[in-house]
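Structural overview
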Amino acid sequence: MDYFYGPGRNHLFVPGPVNIPEQVIRAMNRNNEDYRSPAVPALTKTLLEDVKKIFKTISGTPFIIPTTGTGAWESALTNTLSPGDRIVSFLIGQFSLLWIDQQQRLNFNVDVIESDWGQGANLEVLASKLAADTAHSIKAICIVHNETATGVTNNLAAVRKLLDHYQHPALFLVDGVSSICALDFRMDEWGVDVALTGSQKALSMPTGMGIVCASPKALEASQTAKSVRVFFDWKDYLKFYKMGTYWPYTPSIQLLYGLRTALDLIFEEGLDNVIARHSRLAKATRLAVEAWGLKNCTQKEEWYSDTVTAVLVPPYIDSSEIVRRGWKRYNLSLGLGLNKVAGKVFRIGHLGNLNELQLLSCLAGVEMVLKDVGYPVKLGSGVGAACAYLQDTTPMIPSRI
Ligand SMILES: *Cc1c(COP(=O)(O)O)cnc(C)c1O
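The shown structure was predicted, so the numbers you read here are calculated from the model rather than taken from an experiment.

Moving on to the packing of helix 10 (residues 271-291) against helix 13 (residues 381-393). It is the contact of helix 10 with helix 13, at a shortest axis distance of 7 Å, that shows an interaxial angle of 150 degrees. Taken together, the axes of helix 10 and helix 13 lie roughly antiparallel to each other. Handedness of the helix 10/helix 13 crossing: right-handed. Taken together, the residues of helix 13 that come into contact with helix 10 (itself represented by R280, K283, A284, T285, L287, A288, V289 and A291) are S381, G382, V383, A385, A386, Y389, L390 and T393. Along the lines of polarity and charge, the residues of the contact of helix 10 with helix 13 split into ten nonpolar, four polar and two charged.

Right under this line is the structure:
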């Protein structure tokens, strides 16, 4: 393959992997270290304590695993469930589809609740299944908090409410890969049993780290769960936690220092401020989409995602052409439409370490591309709408006041 050079920066607006802040890049620019020296366990201890804050959990036990979101899924499932277990899973887009595929290949009995792509999890069907399941044959509810393919955020508090209402003991497993550290997420308050994320999404790190957090109930389930697991076995981690050395196998030293800095940046800004920033940037993006006369793939406001916006294009335009054009002409990377919505949507990722003017550069790029591909957009319309909103709402940077 040819090497492509383009001057200036690539404008990376796919919904993961996302931009890595300079501070994190610099923190990772270092030699390897002996992970059995006293320094690495000491660093790891701070990381394990601090990642709990991004899950909003006190009682959870975190595992930092050399893997991706997909491995974190596998860790959550194989540690808590046995082959043949009935689990309820929602199919609402490509990422939930892939997780369901994994659940089936791991030999669980998956009861799929499907919705149109662009809609959220159908909680009415969940309610009827829970009501009917007096024998408690459902062992887990699996849900993707934020479906990255369609820009749909599911209401986790409502799922917990249903479980409580029916006094159902099913485990509550949540994919928070494109939500944790960007959207409001409360592991303890919502009674989530396993929550997971990957480093290249809202944490703004390189790919390669899966972070899984288990509730006491999930840890208890892991003692009897019969799924085969080796690399992902929580038992091995817990053994080394007890010994104070933390690692059953070699961690990436560079990623550990990267995570330290990524967390420091998040805490310096304040997690709630980070979440509010995502909400602001998302709103500005939606205002731009509206000004362009285009529709959000997400069918109802209650499901609007604050980390990714999937934009529907008119039938006479192929959304893949928009993505291709953006990259070739403007060094702008947008997300493709995946699977069922391929060619129909393009996605703007607005998650991670990102600010207002960066987002505006993306919106300006999208406008030019839209015009390039023959969509009658008024240049400046979306950027103008976003600017007006951001000027009203962008707070001062506290450290610079
Ligand atoms: C990106 C993503 C994944 C997959 O993560 P990988 O790191 O590519 O394995 C899973 N779920 C969601 C919601 C995602 O956005």
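Here the focus is helix 12 (residues 356-372). End to end, helix 12 covers 25 Å across 17 residues, agreeing with the expected 24 Å (1.5 Å per residue, within 8%). Every buried residue of helix 12 is listed here: L359, C362, L363, G365, V366, E367, V369 and L370. Tucked into the core, helix 12 has its buried residues touching strand 1 (11-13), helix 10, helix 11 (319-330), strand 13 (332-334), strand 14 (345-349) and helix 13. Backbone geometry just downstream of helix 12 places G374 in the positive-phi region, at approximately 95 degrees.

Moving on, we get to unusual backbone geometry. Cis geometry marks the peptide bond from G16 to P17; its omega dihedral reads 0 degrees. Of note, Q167 is a non-glycine position whose phi angle comes to about 45 degrees, a positive value. Looking at the element boundaries, Q167 is found in the loop between helix 6 (156-165) and strand 8 (171-175). Positive phi outside glycine occurs at C181, with the angle close to 90 degrees.

What follows is about the site of the ligand. Taken together, G16, T68, G69, T70, F95, V144, N146, T148, D175, V177, S178 and G198 make up all the residues around the ligand. Residue composition of the shell around the ligand, by class: three nonpolar, eight polar and one charged.

The UniProt record marks K201 with the feature "modified residue: N6-(pyridoxal phosphate)lysine" (unreviewed entry), using the residue numbering of this structure. Following the sequence through the fold, K201 ends up in the loop between strand 9 (194-198) and strand 10 (210-214). Owing to 28 C-beta atoms within 10 Å, K201 belongs among the buried residues under this scheme. Setting aside its immediate chain neighbours within four residues, K201 contacts G16, V18, V177, S178, L351 and G352.

For the protein chain, the assigned domains are domain 1 (11-18 + 270-394) and domain 2 (22-267). Taken over C-alpha atoms, the centre of domain 1 sits 27 Å from the centre of domain 2. Contact with domain 1, which involves 28 residues of that partner, is made by 29 residues of domain 2. Listed by contribution, the elements that provide at least two residues to the side of domain 1 that touches domain 2 are helix 10 and strand 12 (308-312).

With that out of the way, let us pick up helix 11. Its twelve residues give helix 11 an end-to-end C-alpha distance of 16 Å, which sits within 8% of 16 Å, the value for a rise of 1.5 Å per residue. Regarding helix 11, the residues found buried are S319, I322, V323, G326 and Y330. Viewed along the axis of helix 11, the buried residues span an arc of 95 degrees, placing them on a single side of the element. Contacts made by the buried residues of helix 11 are with strand 13, strand 14 and helix 12.

This part is about the environment of T245. Following the sequence through the fold, T245 ends up in the loop between helix 8 (234-243) and helix 9 (253-269). For T245, a count of 15 C-beta atoms within 10 Å gives the class partly exposed. When the C-alpha atoms of T245 and A42 are compared, they prove to be 8.6 Å apart, with 203 residues separating the residues in sequence. The contact partners of T245, leaving out residues within four places of it in the chain, are R36, P41 and F240.

The subject of this paragraph is the UniProt feature "binding site: substrate" (unreviewed entry) in the protein chain. As recorded in UniProt, the sites labelled "binding site: substrate" (unreviewed entry) are R347. Judged by the 26 C-beta atoms lying within 10 Å of it, R347 falls in the buried class. Not counting residues up to four positions away in its chain, the partners in contact with R347 are P15, G151, V308, T309, A310, L334 and G335.

Counting through the fold element by element, R86 comes out in strand 3 (residues 86-91). Judged by local crowding, R86 falls into the partly exposed class, with 17 C-beta atoms found within 10 Å. If we ignore the near neighbours within four places in the chain, the residues touching R86 are N109, D111, S137, I138 and K139.

Rules used in this analysis
Residues numbered from 1 in each chain as written. Predicted model: local features only at pLDDT ≥ 70, side-chain atom pairs only at ≥ 80, totals over all residues. Axes fitted to C-alpha atoms, helices over the stretch in contact; angles between N-to-C directions. Helix = DSSP H or I, 4+ residues; strand = E, 2+ residues; numbered from the N terminus. Parallel < 35°, antiparallel > 145°, perpendicular 65-115°, else oblique. Left-handed = near helix turned anticlockwise from the far one by under 90°. Contact = placed C-beta atoms within 7 Å. Nonpolar A, V, L, I, M, F, W, Y, C, P; charged D, E, K, R; others polar. Expected span 1.5 Å × (residues − 1). Buried ≥ 20, exposed ≤ 12 C-beta atoms within 10 Å, placed from the backbone. Near = placed C-beta within 6 Å. UniProt positions renumbered as here; feature names shortened; annotations may be inferred. Domains from an automatic or database assignment. Arc of directions from axis to C-beta.

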